[in-house]
Amino acid sequence: MITMERDTETVHEAYSFVCLHCGHGWEEEYEIRHTTDLAGHRRADYFTRGVRVTSPLTRAECPSCNRGPLRILRPGRVNSTRPYLA
Ligand SMILES: [Zn+2]
């Protein structure tokens, strides 16, 4: 299979998760590769520690109790120095 990618942008973002069922909290850093193919379609692939994973935004299981639901926080955005936090 040939993939034709003309544009790849990699960013790192840390997400914090809190399980609303058992109260377990943890943080995980994701490497997110944004690519645009020749047809102009945008896609994002998520990796943790070099392993491709599903989007943290669709994650629904707690590693502690295997239930949920989860609440997702994004400390990387909250504590950033971006001047656009209106
Ligand atoms: Zn839990």
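Calculation criteria
Residues numbered from 1 in each chain as written. Predicted model: local features only at pLDDT ≥ 70, side-chain atom pairs only at ≥ 80, totals over all residues. Helix = DSSP H or I, 4+ residues; strand = E, 2+ residues; numbered from the N terminus. Buried ≥ 20, exposed ≤ 12 C-beta atoms within 10 Å, placed from the backbone. Contact = placed C-beta atoms within 7 Å. pLDDT = per-residue confidence, 0-100.

Looking at an unreviewed UniProt entry, one finds the chain named C2H2-type domain-containing protein, with Streptomyces auratus AGR0001 as its source organism.

1. With respect to the overall build of the chain
When its secondary structure is counted, the chain shows 1 helix and 5 strands. Tracing the chain from N to C terminus, the helices and strands come up as β-β-β-β-β-α. Counting over 86 residues, the chain shows a buried share of 3%. Sequence separation of at least 24 residues holds for 48% of the intrachain contacts in the chain that already meet a minimum separation of 6.

2. Examining the confidence of the model for the chain
Taken residue by residue, the chain gives an average pLDDT of 82. The fraction at 70 or more is 79%. Across the chain, strand β4 (residues 51–53) holds the top mean pLDDT of 94, while helix α1 (residues 75–78) sits lowest at 54. The low-confidence segment residues 77–82 (pLDDT under 50) makes 0 contacts with residues lying over four places distant or belonging to another chain.

3. Let's talk about unusual backbone geometry
Here the bond from G68 into P69 is cis, since omega is 0°, no more than 30 degrees from zero. Among the secondary structure elements, P69 is positioned in the loop between β4 and β5 (70–73). Positioned with a positive phi, R49 is a non-glycine residue whose angle comes to about 50°. Taking the C-beta count within 10 Å as the criterion, R49 has 9 such neighbours and is therefore assigned exposed. Even without glycine at this site, N66 takes up a positive phi of about 60°.

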